[in-house]
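Now for the letters of each chain:
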Amino acid sequence: MSGHSFQYGRAANIYDARIQASKPGTAFLAGGTDLLQLWKSGAMTPAAVVDISRLPLGDVEFTDGQLSLGALARLSDMATHPDVTRYHPLIAEAILASASGQIRNMATVGGNLLQRTRCPYFATNSLPATKGSPAADVARFPARTANQLCSVQARYASRRMPRIWPLRWRHLMPRSKCSDRRASGVSRCAIYTGCPVRRRSAKQISHRETHHRRSRAERNSLLCLLDLSQGSRSCVV
Amino acid sequence: MSPGSSIRISLKINGRDHEFPATACDTLLDVLRDKLGMTGTKKGCDMGACGACTVLAEGRRIKSCLALAASCDGRSITTIEGVGGAGKLHQLQAAFIRHDALQRGYCTPGQIMSGLALLEEKPASLEAIREGMSGNLCRCGAYPNIVAAIAEVAGL
């Protein structure tokens, strides 16, 4: 248990959330499954948390070929949503192979994308030299892979609302480099499977270049919505 | 709310309303055990891995060690103390006994709470039960019997 204490505040609305988050050292709290683990291990020491878990950002809607995922949609709700299972079955499959039933009931899709690197080597404050190098993280740990490419746009609430940051989900092959190096306005996430360090076949949705996306998004931007466009394809190799 | 200051939290636990002071950093697990004396819910890893702290929040199984008490304010919580009653076991509890699904018993409250929620999801096979219960660890290795107990109640 971390000895570090933090302040707690609950956001009344999106604007209130951003105002509270504008204070230095404040972290958003949604499901809490990432934040509390990192806080307890000492890897994160927020001065305050702003609880956004009750904001109305959890809807999952499918309209005109586009799947919209509210950033606060629980992973379990996403995985069992009929439109997700029908039109994006790989996402549902990946979610159901992630974590556990309890965690999926707590964790949100936005928090899942924004979570810190999941490898235990990075979730500790005793190995500072290994932080901040997502490419090295992938190269070090080979994994069985599923190859999926879909186009995701993320809408952030920021001063110039709303802003759309395109996200590209790509599964990274072991020791391979992502061929898409377009940097302007593109942030990359990866879905990878079978981290041998954990010796489990659980598939995890993990954000690969948080440092890049955070540098693009404005400070204290709040992820609100993910839009998956029609035409997403997936294949397994 | 400042780090050391106290806030009043309201929870409906096993059908009863509770109001008590807590701090910003108190987890739901901590308030259940330390402030309310409900020690049926266990603290194992305290990191969201072992599942010994599993409770139901609004009918959904969660790991109470990863839930801030302040974040749960106003919620309806079910703990192992709310399952079955004096002299009357829940059918899942009775099945755990029949199938010898415990040894030390430390993980058992979490297993029961998680199993109750899994039964609501209507698992279709033993494999689905094993996968669905993957958030609950048992160091004594009673897994086959835990699965058998849940399967019996599920009608598999």
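Every chain is numbered independently, its residues counted from 1 as its sequence is written. Here chains are named by letter from A upward and ligands by number from 1 upward, in the order in which they appear as written. The model is predicted, so local features are restricted to residues of pLDDT at least 70 and side-chain atom pairs to those at 80 or more, both for listing and for counting; the totals for chains, interfaces and linings are taken over all residues. Note that water and hydrogens are dropped before the side-chain values are worked out from all heavy atoms of the structure.

Peer 1: Any details on the overall build of chain A? Residues and values, ideally.
Peer 2: A tally of regular secondary structure across chain A gives nine helices and eleven strands. Every one of the 237 residues in chain A was classed for burial, and the buried ones make up 55%. By the convention used here, residues are in contact when the closest approach between their heavy atoms is within 4.5 Å. At a minimum sequence separation of 6, the contacts of chain A that also span at least 24 residues come to 61%. In DSSP terms, a helix is any run of H or I states spanning at least four residues, a strand is any run of E spanning at least two, and both are numbered starting from the N terminus. Categorising residues by exposure relies on relative accessible area from a 1.4 Å probe, with only protein chains included: less than 20% of the type maximum marks a residue as buried, more than 50% marks it as exposed, and the intermediate range marks it as partly exposed.

Peer 1: Give me helix H2 (residues 91-98) of chain B: which residues, what numbers.
Peer 2: All names here are of chain B. Looking only at H2, the buried set comprises Leu92, Gln93, Ala95 and Phe96. One side of H2 holds all its buried residues, which, seen down the axis, span an arc of 160°. Away from its buried face by more than 90 degrees, H2 exposes Gln91, Ile97 and Arg98. Those residues of H2 that are buried lie in contact with helix H3 (108-120) and helix H5 (143-154). Note that the arc is defined by the directions from the helix axis to the C-beta atoms.

Peer 1: Explain the interface of chain A and chain B to me, and be specific about the residues and the numbers.
Peer 2: At the junction of the two partners, chain A supplies 31 residues and chain B supplies 30 residues. By definition, the buried area sums, over both parts, the 1.4 Å-probe accessible area that each loses when the two are put together. Among the residues chain A hides against chain B, the three largest losses belong to Tyr8, Lys40 and Gln102 of chain A. Together they make up 27% of the total. A side-chain nitrogen of Lys or Arg and a carboxyl oxygen of Asp or Glu constitute a salt bridge if their distance falls within 4 Å. The interface formed by chain A and chain B holds two salt bridges in total. Linking Lys40 of chain A and Asp46 of chain B is a salt bridge whose minimum nitrogen-to-oxygen distance equals 2.8 Å.

Peer 1: Please set out the packing of H3 of chain B against H5 of chain B residue by residue, giving values where relevant.
Peer 2: All names here are of chain B. As a rule, the C-alpha atoms of each element are fitted with a line to give its axis, helices using only the stretch in contact, and angles between N-to-C directions run from 0 to 180 degrees. The geometry of H3 relative to H5 is characterised by a closest axis approach of 11 Å and an angle of 35° between their N-to-C directions. Classified by chirality, the crossing of H5 by H3 is right-handed. In contact with Gln111, Gly115 and Leu119 of H3, H5 contributes Ile146, Ile150, Val153 and Ala154. Of the residues that constitute the contact of H3 with H5, the class distribution is five nonpolar, two polar and no charged. Left-handed describes a crossing whose near helix is turned anticlockwise from the far helix by less than a right angle; the clockwise case is right-handed. Under the scheme applied here, ten amino acids are nonpolar (Ala, Val, Leu, Ile, Met, Phe, Trp, Tyr, Cys and Pro), four are charged (Asp, Glu, Lys and Arg), and all others, including Gly, are polar.

Peer 1: A description of the sheet that holds strand E4 (residues 60-63) of chain B should follow, citing residues and the corresponding values.
Peer 2: Residues and elements named next belong to chain B. In space, the five strands of this open sheet follow the order E2-E1-E5-E3-E4, with mixed pairing throughout. Each edge of the sheet is formed by a strand with only one pairing partner; in this case those strands are strand E2 (16-22) and E4. With strand direction ignored, the average angle separating the axes of adjacent strands in the sheet is 40°. Two strands pair when backbone bridges link them, and strand E1 (residues 7-13) and E2 are joined in this way by seven bridges, in the antiparallel orientation. Bridge pairing links Ile7 to Ala22 in E2. Seen against the sheet, helix H1 (residues 28-35) touches E1, E2, strand E3 (54-57), E4 and strand E5 (76-78) and runs at an angle of roughly 100° to E2. When DSSP finds two or more bridges between a pair of strands, those strands are recorded as paired.

Peer 1: For the confidence of the model for chain B, give the residues involved together with the corresponding values.
Peer 2: Averaged over chain B, the pLDDT score is 95; the fraction of residues at 70 or greater is 97%. Interface scoring of the predicted complex returns ipTM 0.94; its pTM is 0.75. pLDDT is a residue-level measure of predictor confidence that goes from 0 to 100.

Peer 1: How would you summarise the environment of Leu35 of chain A if you had to cite specific residues and measurements?
Peer 2: Residue and element names in this part refer to chain A. When you line up the elements, Leu35 lands in helix H2 (residues 35-41). Along the primary structure Leu35 and Gln115 are separated by 80 residues, whereas in three dimensions their C-alpha atoms are 8.1 Å apart. With residues near it in sequence (within four places) discarded, Leu35 still touches Ala27, Phe28, Leu29, Met44, Pro46 and Val49.

Peer 1: Go over the pairing of strand E2 (residues 26-29) of chain A, please, and point to the residues and values.
Peer 2: Residue and element names in this part refer to chain A. The pairing of E2 with strand E3 (residues 48-51) spans four bridges and is parallel. Bridge pairing links Phe28 to Val50 in E3. Here a crossover is taken to be right-handed if, once the strands point away from the viewer, the path from the first strand over the helix to the second is traced clockwise. You can see the chain leave E2, run along H2 and come back into E3, and the turn it takes is right-handed.

Peer 1: Provide a residue-level description of the layout of surface pockets, including the pertinent values.
Peer 2: Put plainly, a pocket is an open set of points on a 1 Å grid over the protein atoms alone with protein on both sides within 12 Å along at least five of seven lines, a cavity is a set where a 1.4 Å probe fits but cannot get out, and a lining residue has an atom within 4 Å of a point. Grid points are joined across faces, edges and corners, and a volume is the space filled by probe spheres set on the points. Space inside the second largest pocket adds up to approximately 480 Å³. Along the walls of the second largest pocket sit 25 residues, with Arg74, Asn105 and Met106 of chain A together with Ile62 and Arg75 of chain B positioned nearest its centre. If you list the elements that add at least two residues to the lining of the second largest pocket, you get helix H6 (101-106) of chain A together with E4 of chain B. A class-by-class count of the residues in the lining of the second largest pocket yields 13 nonpolar, six polar and six charged.

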